[in-house]
Amino acid sequence: MNYNIWDYYYDSPLAVDVCMLRIEAMPREYFCDWGTALWYQCERITDGKMLVTFTGGQFRKAKNTQYILEFTSQDNGTLVHMRFIKDLFSMSPLTLVTDIDLFMMQKLEARRLP
């Protein structure tokens, strides 16, 4: 696997189509460790690729962290490659990797690969 500093790989036991449907399902939110809502938007690009934008949360600053998610089917589930695209004012990602980990666990039962 080729890593860029803000790219992440996750392993999910779910099938590709199930992963995509879960991300698209309403409401488009997940929850931080304190139980408050964090929000995102999503747009399907192809059957195996999606744009996800993390937009902040109930008690979090507004942001616009965009990732392309690429889903690859495996024997035991799905490999998800999250590729950082951009954030506000062309900054580095404002969404913490711990928040992305929560999103992936809550939506896809996925864990980040080392």
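*Asks:* Whenever I open this one, helix α1 (residues 16-24) confuses me. Can you help?
*Replies:* Note on helix geometry: an α-helix contains 3.6 residues per turn, so any two residues three or four positions apart are oriented the same way. Among all positions in α1, only V16, C19, M20 and I23 are buried. Projected down its long axis, α1 shows its buried positions confined to an angular sector of 95 degrees, all on one face. Its buried side turned inward, α1 meets β1 (8-12), β3 (37-46), β4 (49-57), β5 (65-74), β6 (77-86) and α2 (97-108).

*Asks:* Just to check I follow, could you spell out the pattern of salt bridges for this structure?
*Replies:* Opposite charge on two side chains permits pairing when their charged atoms draw close. Enumeration over the complete set of coordinates arrives at six salt bridges. In this structure, E70 engages R83 in a salt bridge whose closest nitrogen and oxygen atoms are separated by 3.7 Å. In this pair, E70 is assigned in strand β5 and R83 in strand β6, connecting sequence segments 13 residues apart. A relative accessible area of 23% means that E70 is categorised as partly exposed.

*Asks:* Explanation requested: the pairing of β1 in the structure shown.
*Replies:* Looking along a regular strand, one sees side chains alternate from face to face of the sheet. Most of β1 is tucked away: four of the five residues are buried. Bridging between β1 and β6 involves five bridges; their strand directions are antiparallel. Bridging from a neighbouring strand, Y8 pairs with M82 of β6.

Thresholds applied
- Residues numbered from 1 in each chain as written.
- Predicted model: local features only at pLDDT ≥ 70, side-chain atom pairs only at ≥ 80, totals over all residues.
- Heavy atoms only, no water.
- Buried < 20%, exposed > 50% of the residue type's maximum accessible area, 1.4 Å probe, protein only.
- Helix = DSSP H or I, 4+ residues; strand = E, 2+ residues; numbered from the N terminus.
- Arc of directions from axis to C-beta.
- Contact = heavy atoms within 4.5 Å.
- Salt bridge = Lys/Arg side-chain N within 4 Å of Asp/Glu carboxyl O.
- Pairing = 2+ DSSP bridges.

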